[in-house]
Structures are given as C-alpha cells and as structure tokens.
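One-letter residues, chain by chain:
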Amino acid sequence: MFSRFPVALCAIVLGICLLLPSVASAATYDDATGENFTGSPGFLDIDSVEVTNDASTITFKIASASSFAAPNDWGKFLIGVDSVAGGKTDNGTRWDPARPINMPSGMDYWVDNWLTFGGGAQVWKYDPANPSAANGFDPTSTGSATSVIDATNTSIALTFPLSAFGLQSGGTFSFDVWGTGGGADSAYDSLRDQDVAAPTWSGPYSATELNSYTVVVPEPGTLGLAGIALLAVARRRSRD
C-alpha cells in the first residue's frame, strides 16, 4: 500500500509535467538607455525585451525607460523578424512604405504595434507574390496579438501564435525591436544596437546586427519519461 508521502509525490510529479510546457523557453535582452539622438531616456527608449514561448505561443515583453501612458501613447515598438532565407531587405514596414528602417539580412515578418486603447500589435508576412500585399507584406496572413500593458505603463507584453511567424520547436530566428513614432519615423532606439540608432526622426536606420532566439518546447515523450522516473522513485520509497 502506498504511504501518504508517495501519493503526495505523485501529485507533485503530475503538476510539474503539466506546468513544464507553459514555461518552455525564455531569454532576456538588455539595452542601454539614453543612446538615441536626443541623448536622454524616454518612453520610446527600450530598456529590455524578454522573449518567452510555450508549446503554441511566443511573447515579446518590451520594457521602456519611462512611462508611455497618455499623452505619450502615440509611440510604437516595432519588431522585425528574419526566420527564413530571403525576405525584405529595405523599408520593411507594411503600414509606412516610406519608414526608413531596413534589415539587410531579409525581413520575413514585420510587427506593427500601437500603445493606444490598451495596446496591441499586428504581424505582417513578406509575400511579394501576393497581389494584395502592401510593400511586399501580406495584410491578411495573421491575426492580432494579445496585449498586456503593466500597471506602470512601462512595459507591454505582446503574445502571438508560433504559427504567426512560421515557427515550431527547435526553430531559431533573428530579430530586432525598435522604438519609434508615427508616420514615416525611423528607429529612435534599437534593442540590438547599443549606440545611437537613427541620427534623426527621418533616419535612415539599417539593422545590420540582430538578436537570436531559439524556440524550445519539451516533447511529450520527454515529460512522460520524467514522470515515470519520479513515479518509480515513489514506488520504491513506498516499499521501504
């Protein structure tokens, strides 16, 4: 007969197996503050970006150097993703074809963010063969992100399906995040670039260096083996 200890251990094992997929992978990318053409930290000045994923979603949590609450909610945090060969090498944005932010390695996905009305973002896929694509980016390829702004209005977490970027477990992609204004503004700040990004609002800016992230999702078989091993320990202890 099992003692109370192994039964409790079995419950813990089950709980761990259920929780592991939800915290599969995470990485934090820090950025200097004040390294922009104004020379001072601001609400478009990126402090850090935390990227996490589970079995089906990926989240970019973007933290700024100061609050972007109204009236500072006119800014944006944009994300450029290079995940496959090819892609757009210049003027990557779907919304603003004149926005002078380029990714020489080839941008495959462009994330356009807004901070108003609770925040949000939209992913656009580079698909120049699609006649409805604007500036080469398909406006109908993906849905909107789930958005969470923290109570201090200094960070926004944007969650997307992995499929929005064509990602799966083991997939590695390169990316950069930019703080910018509206219209045709360039990169006021870059996550990857620790120096001044664009020299003025009109830019231009070229993202020649990128961050890298690998999606890691535990396989069900791995979790099952871990559970079996711990249950075996529980049974052995119950016999002692």
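Above this text is the structure in question.
Residues numbered from 1 in each chain as written. Predicted model: local features only at pLDDT ≥ 70, side-chain atom pairs only at ≥ 80, totals over all residues. Heavy atoms only, no water.

Trainee: So what about the overall build of the chain? Which residues, and what values?
Mentor: Scanning the chain for helices and strands turns up two helices and 14 strands. For the chain, the residues scored as buried account for 43% of the 240 residues in total. In the chain, of all internal contacts separated by at least 6 residues, the share reaching a separation of at least 24 is 62%. On the chain, roughly 11,300 Å² of surface is accessible, and the fraction owed to carbon and sulfur atoms is 58%. (Helix = DSSP H or I, 4+ residues; strand = E, 2+ residues; numbered from the N terminus. Buried < 20%, exposed > 50% of the residue type's maximum accessible area, 1.4 Å probe, protein only. Contact = heavy atoms within 4.5 Å. Areas by Shrake-Rupley, 256 points an atom, 1.4 Å probe, with all protein chains shown as cover.)

Trainee: Tell me about the environment of Ala27, and please be specific about residues and values.
Mentor: Considering the arrangement of structural elements, one finds Ala27 in strand β1 (residues 25-30). A relative accessible area of 22% means that Ala27 is categorised as partly exposed. In sequence terms Ala27 and Ser212 are 185 residues apart; their C-alpha atoms lie 9.6 Å from each other. Setting aside residues up to four positions removed in sequence, Ala27 forms contacts with Val49, Glu50, Val51 and Tyr213.

Trainee: Explain the packing of aromatic side chains to me, and be specific about the residues and the numbers.
Mentor: Scanning the model with the defined rule gives 17 aromatic pairs in all. When the centroid spacing of 5.4 Å and the interplanar angle of 80° are considered together, the rings of Phe37 and Tyr188 count as edge-to-face. Of the two residues, Phe37 is situated in the loop between β1 and β2 (46-53) and Tyr188 in the loop between β11 (172-180) and β12 (189-190); the sequence distance between them amounts to 151 residues. Judged by relative accessible area, Phe37 falls into the partly exposed class, the value being 28%. Through successive ring pairs, a cluster of aromatic residues spans Tyr29, Phe60, Tyr109, Phe160, Phe165, Phe173, Phe175 and Tyr213. (Phe/Tyr/Trp six-rings, centres within 6.5 Å; stacked < 30°, edge-to-face > 60°.)

Trainee: Outline the side chain of Asp185, supporting the account with residue identities and numerical values.
Mentor: In this fold, Asp185 is placed in the loop between β11 and β12. One buried charge, Asp185, has no salt-bridge partner; the nearest side chain with opposite charge is Arg99, at 5.6 Å. In this view, Asp185 contacts Arg99, Pro100, Thr180 and Trp201; residues no more than four positions away in its chain are not counted. (Lys, Arg positive; Asp, Glu negative; His and termini not counted. Salt bridge = Lys/Arg side-chain N within 4 Å of Asp/Glu carboxyl O.)

Trainee: Break down the environment of Glu50 for me, citing the residues and quoting the values.
Mentor: In this structure, Glu50 sits in strand β2. For Glu50, a relative accessible area of 32% translates into the label partly exposed. For the pair formed by Glu50 and Ala27, sequence separation is 23 residues and the distance between their alpha carbons is 5.8 Å. Apart from the residues lying within four places of it in its own chain, the contact partners of Glu50 are Ala27, Thr28, Thr59, Phe60 and Lys61.

Trainee: Could you give me a rundown of the sheet that holds β1, with the residues and numbers involved?
Mentor: Ordered in space as β1-β2-β3-β10-β9, the five strands form an open sheet in which the pairing is antiparallel. This sheet does not close on itself; its edge strands, each paired only once, are β1 and β9 (146-149). Pairs of neighbouring strands in the sheet enclose a mean axial angle of 15°, with direction left out of account. Strand direction decides the pairing type here: β2 and strand β3 (residues 57-64), joined by seven bridges, are antiparallel. Bridge assignment links Val51 to a residue of β3, and that residue is Phe60. (Pairing = 2+ DSSP bridges. Axes fitted to C-alpha atoms, helices over the stretch in contact; angles between N-to-C directions.)

Trainee: Describe unusual backbone geometry, with residues and values.
Mentor: Peptide bonds are mostly trans, and most non-glycine residues show a negative phi. Here Ala70 and Pro71 are connected by a cis peptide whose omega angle stands at 10°. On the secondary structure map, Pro71 appears in the loop between β3 and β4 (76-82). The peptide bond linking Gly203 to Pro204 adopts the cis configuration, its omega dihedral lying at 0°. Take Pro204: it is sitting in the loop between β12 and β13 (205-206). Located in the positive-phi region is Asn153, a residue other than glycine, with phi close to 55°. Topologically, Asn153 is positioned in the loop between β9 and β10 (155-161).

Trainee: Outline the pattern of salt bridges, supporting the account with residue identities and numerical values.
Mentor: Applying the stated criterion across every chain yields a total of two salt bridges. In this structure, Asp112 engages Lys76 in a salt bridge whose closest nitrogen and oxygen atoms are separated by 3.5 Å. Note that Asp112 is positioned in strand β6 (residues 109-114) and Lys76 in strand β4, a separation of 36 residues in sequence. With a relative accessible area of 3%, Asp112 lands in the buried category. Ionic pairing is found between Glu209 and Arg192, a salt bridge with its closest N-O pair at 3.2 Å. Taken together, the residues Glu209 in the loop between β13 and β14 (211-214) and Arg192 in the loop between β12 and β13 connect sequence positions 17 residues apart. Residue class for Arg192 comes out partly exposed when judged on its relative accessible area of 29%.

In short, the description is geometric, and any link to function would need to be established separately.
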